[in-house]
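Close look at the chain arrangement
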Amino acid sequence: MEALASPQAPFTVRVFVQRFSSTPRGARLARQLALHQLNEWGIPYGGDASETTALIVAELAANAVTHGRVPGRDFELRLVHAPGDRRALGVLRIEVTDARGERRPPGPGELVAPPPGSGSGHGLILVEALADRWAVVDRVPPGKTVRAELDLLY
């Protein structure tokens, strides 16, 4: 006779997905809606997780609009909140997808700091500093997704 496995506690993975126009206005709206969604999930405005998410979404959305823009194509923001254990509130995954697969940025460990005084080129360095993990992945149809994960701690 086989022993029964102990039942797992139920958990909910929360997902938010929205497409935005590949414009500066779309990038700002993505950041604002991301913060609103986090607040709805119990991650309050002004907290460390909310502020870090705001910076990461702003940088990734700005990159999608600036470097990943294809006329007539939107970019997509996806937030996934998976529950944690007793020591953590869970993991928040932030994904921004654009239609420019041929303009793939360097990934983790490949970034080179821009020259001093340059006004651009700092976005992914900021993402690398703030995220617990991040990656650049291809998508089909052509395009790419930049993914960042935050461990949400008490």
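Structure report, in brief. (Residues numbered from 1 in each chain as written. Predicted model: local features only at pLDDT ≥ 70, side-chain atom pairs only at ≥ 80, totals over all residues. Heavy atoms only, no water.)

1. As for the environment of H122
Defined as follows: By definition, any uninterrupted DSSP run of H or I lasting at least four residues is a helix, any uninterrupted run of E lasting at least two residues is a strand, and each is numbered from the N terminus. Summary of the burial criterion: residues with accessible area below 20% of their type's maximum are buried, those above 50% are exposed, and those between are partly exposed, where the area comes from a 1.4 Å probe applied to protein chains only.
Mapped onto the elements, H122 comes out in the loop between β3 (88-98) and α3 (123-130). Since its relative accessible area comes to 41%, H122 is described here as partly exposed. Sequence separation between H122 and L111 is 11 residues; the distance between their C-alpha atoms is 9.6 Å.

2. As for the pairing of strand β2 (residues 75-82)
Rules: Following DSSP output, two strands are said to pair if at least two bridges run between them.
Counting buried residues in β2 gives six out of eight residues, a clear majority hidden from the surface. Where strand β1 (residues 14-20) and β2 come together, seven bridges link them in antiparallel fashion. Across the sheet, R14 pairs through a bridge with H81, a residue of β2.

3. A look at the pattern of salt bridges
Which entries qualify depends on this criterion: When a carboxyl oxygen of Asp or Glu is within 4 Å of a side-chain nitrogen of Lys or Arg, the pair counts as a salt bridge.
Scanning the entire structure with this criterion turns up nine salt bridges. The salt bridge partner of R93 is E95, with a shortest N-O separation of 3.8 Å. For E95, a relative accessible area of 10% gives the class buried. Taken together, the shared-partner salt bridges connect R19, E76, R78, R93, E95, R133, R147, E149 and D151 into one network.

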